[in-house]
Number of protein chains: 2
Amino acid sequence: MLSDPLHGLTTALTDLGGQRVWSLLVTVFGDLTPEEGAGIDGPVLSGIMGRMNVRAEATRVALHRLRNDGWITSTKSGRTSRHSLTDHGRRETIQASRRIYARPDAAPGGWTVLLTEEANGDQRSQLETAGFTHLAPRIYIGPAGRPVPGNALVLSGAEVPDWLRQQLTPEGLCADYRALHRILSEVDSTLPKGTDLPPLDCAVLRCLIVHNWRRLVLKHPELPRALYTDDWREQECRALVSTLLHRFPRPNLADLAR
Amino acid sequence: MLSDPLHGLTTALTDLGGQRVWSLLVTVFGDLTPEEGAGIDGPVLSGIMGRMNVRAEATRVALHRLRNDGWITSTKSGRTSRHSLTDHGRRETIQASRRIYARPDAAPGGWTVLLTEEANGDQRSQLETAGFTHLAPRIYIGPAGRPVPGNALVLSGAEVPDWLRQQLTPEGLCADYRALHRILSEVDSTLPKGTDLPPLDCAVLRCLIVHNWRRLVLKHPELPRALYTDDWREQECRALVSTLLHRFPRPNLADLAR
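Here goes a summary of the coordinates provided. Source: prediction; values computed, not measured.

Quick look at helix α3 (residues 42-51) of chain B now. All names here are of chain B. Taken together, the buried positions of α3 are Gly-42, Val-44, Leu-45, Ile-48 and Met-49. All buried residues of α3 project into a common sector of 160° when viewed along the axis, lining one side. Lining the buried residues of α3 we find α2 (21-32), β1 (40-41), α4 (56-68), β3 (80-85), α9 (199-217) and α11 (253-256). Downstream of α3 by one or two residues, Asn-53 has phi in the positive range, about 65°.

Right under this line is the structure:
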């Protein structure tokens, strides 16, 4: 009875755009097989990808690419292939998971501005890796309380002027978050607390939610809410992602094969 | 009995350099005749300037220049000329007096960094007038608690890195303050509390102290101690200037004529 609304929601999530097959596979393996030694059998993977409107041929091509990139490894047992993350793929997955699955209350609250002694490309990369955003020559902004490399002047403030929030809010991403927020809200109301989904539906829904969320959240530095314009929906999306992944937990892979 | 050490001290103060006669006259009028309607008779002025090793001819040339600049006006009463500040000269004098005669405890304690929306020459002049120093494109530093023009991001901090203190401390001025501090300390110990100077000596000593002090203090923005290197003697000089001007108060101009 749920297949119709679910179909509409998965189509909406699939239609958000940017769903390259290899990238979708990275999400599927990252969400369903984070543990070492876990893998997905070929028929199960085809089932999941098919529900996301990906043809078997496209999945095969993308798997080939991910094997060449050292991300996925495939082993054959009889007539069935089993695919799993390589050590490299798992390391990268775990690294990204910290931000993708972070709890809403773990978001940075305060912010810090740095003035460095000079403009320096190496230092810029170092600061960006540490979570800071380049604002102007020698000036960076980032979450408060992080260790600051080097001997920069560390500054804090209270009021954030509008021009700075506009400068820090990427227009395209802001629109993408608003679109995702609309669909996640719809998922939340259409499949409320207590909804019981078959394991395959559950896997597909999770993967589509995580995929669309990670495409946005990994594309910008982690800054506190106060630094974005009022229409920035990152925090609202994170709260819904967290709620929905909790409502629809990761199914047992064994259950997916049935 | 005091004329010898006093002579040595006035010579030391005169030798600090940069004693252009017109500038020295601006100090003399500023310190001795700040009130509207006050003036200095020609012979008294000659007496004061003579004690500062300025020849009468040089004083006449400088007075001529200051009259042309609209700073000084001279009136004749019988055979005696009387010189006084014009309204313009008095306004400028009062403006500068705020910093020259500021009490040591009025020095700014905290500091603020501003990030402006864009680099803009007009805004830079406006901020510099408001007491801020340009640190880097779009970045200014100044005393905390001042009204900030425009919609800049207002920042504060605790630790000041060495490179910033070095950047903010002008080397030449730092050496000048050290030299002035040595002489003011000598004046303080040679002419201790309770010393009674004849009015003309008192006037000359005051003018030389104020003159050498204002040459330095008006040459840099007013920043808190924490932003300068450890060998910056502005605050120590200000304390001695304040003590000495209190110890040797402004004489009555009538007493100087005797």
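The structure having been displayed, the exposition proceeds.
Once that is clear, we can look at the packing of aromatic side chains. Evaluated as defined, the whole model comprises 6 aromatic pairs over all chains. Taken together, a centroid distance of 4.9 Å and an interplanar angle of 70° make the contact between Tyr-177 of chain B and Trp-232 of chain B edge-to-face. With Tyr-177 of chain B in helix α8 (residues 171-190) and Trp-232 of chain B in the loop between α9 and α10 (234-247), this residue pair connects regions lying 55 residues apart in the sequence. No difference in accessibility class separates Tyr-177 of chain B from Trp-232 of chain B, as the two residues are buried. Taken together, the ring pairs connect Tyr-177, Trp-213, Tyr-228 and Trp-232 of chain A into an aromatic cluster. Directly above the aromatic system of Trp-22 of chain A lies the positively charged group of Arg-65 of chain A, at a separation of 4.4 Å from the ring centroid.

Listed per partner, the contact involves 23 residues of chain B and 23 residues of chain A. Both faces considered, chain B and chain A share a buried interface measuring about 1600 Å² in area, 71% of it formed by carbon and sulfur atoms. At the boundary of chain B with chain A, the tally comes to 0 salt bridges. Between chain B and chain A we count 3 residue pairs in polar contact (both at pLDDT 80 or more) in total. For the side of chain B that touches chain A, a count of residues per class yields 15 nonpolar, 5 polar and 3 charged. Taken together, the 3 bridges between strand β7 (residues 153-157) of chain A and strand β7 (residues 153-157) of chain B define a ladder with antiparallel strand orientation. Along β7 of chain B, the bridge assignment pairs Ser-156 of chain A with Ser-156 of chain B.

Our next topic: the sheet that holds strand β2 (residues 72-77) of chain A. Residues and elements named next belong to chain A. Taking strand neighbours across the sheet as the criterion, the 3 strands line up as β1-β3-β2 in an open arrangement whose pairing is antiparallel. Bordering the open sheet on either side are β1 (40-41) and β2, each of which pairs with just one other strand. Note: β2 against strand β3 (residues 80-85), 6 bridges, orientation antiparallel. Paired with Lys-76 across the bridge in β3 is Ser-81. With respect to the sheet, helix α4 (residues 56-68) is in contact with β2 and β3, its orientation differing from that of β2 by roughly 115°.

Mapping chain B onto chain A is achieved by rotating through 179° and translating by 0.0 Å along the same axis, at an RMSD of 0.1 Å. As the rotation angle and translation indicate, the two copies are arranged about a two-fold axis.

Calculation criteria
Residues numbered from 1 in each chain as written. Chains lettered and ligands numbered in written order. Predicted model: local features only at pLDDT ≥ 70, side-chain atom pairs only at ≥ 80, totals over all residues. Heavy atoms only, no water. Buried < 20%, exposed > 50% of the residue type's maximum accessible area, 1.4 Å probe, protein only. Helix = DSSP H or I, 4+ residues; strand = E, 2+ residues; numbered from the N terminus. Arc of directions from axis to C-beta. Contact = heavy atoms within 4.5 Å. Phe/Tyr/Trp six-rings, centres within 6.5 Å; stacked < 30°, edge-to-face > 60°. Lys NZ or Arg CZ within 6 Å of the ring centre and 35° of its normal. Buried area = accessible area lost by both parts, 1.4 Å probe. Salt bridge = Lys/Arg side-chain N within 4 Å of Asp/Glu carboxyl O. Polar contact = N/O pair within 3.5 Å; in protein donor to acceptor, adjacent residues only side chain to side chain. Nonpolar A, V, L, I, M, F, W, Y, C, P; charged D, E, K, R; others polar. Pairing = 2+ DSSP bridges. Axes fitted to C-alpha atoms, helices over the stretch in contact; angles between N-to-C directions. Least-squares fit on C-alpha atoms with pLDDT ≥ 70 in both.

Fair warning: the whole summary comes from geometry, so function is off the table for now.
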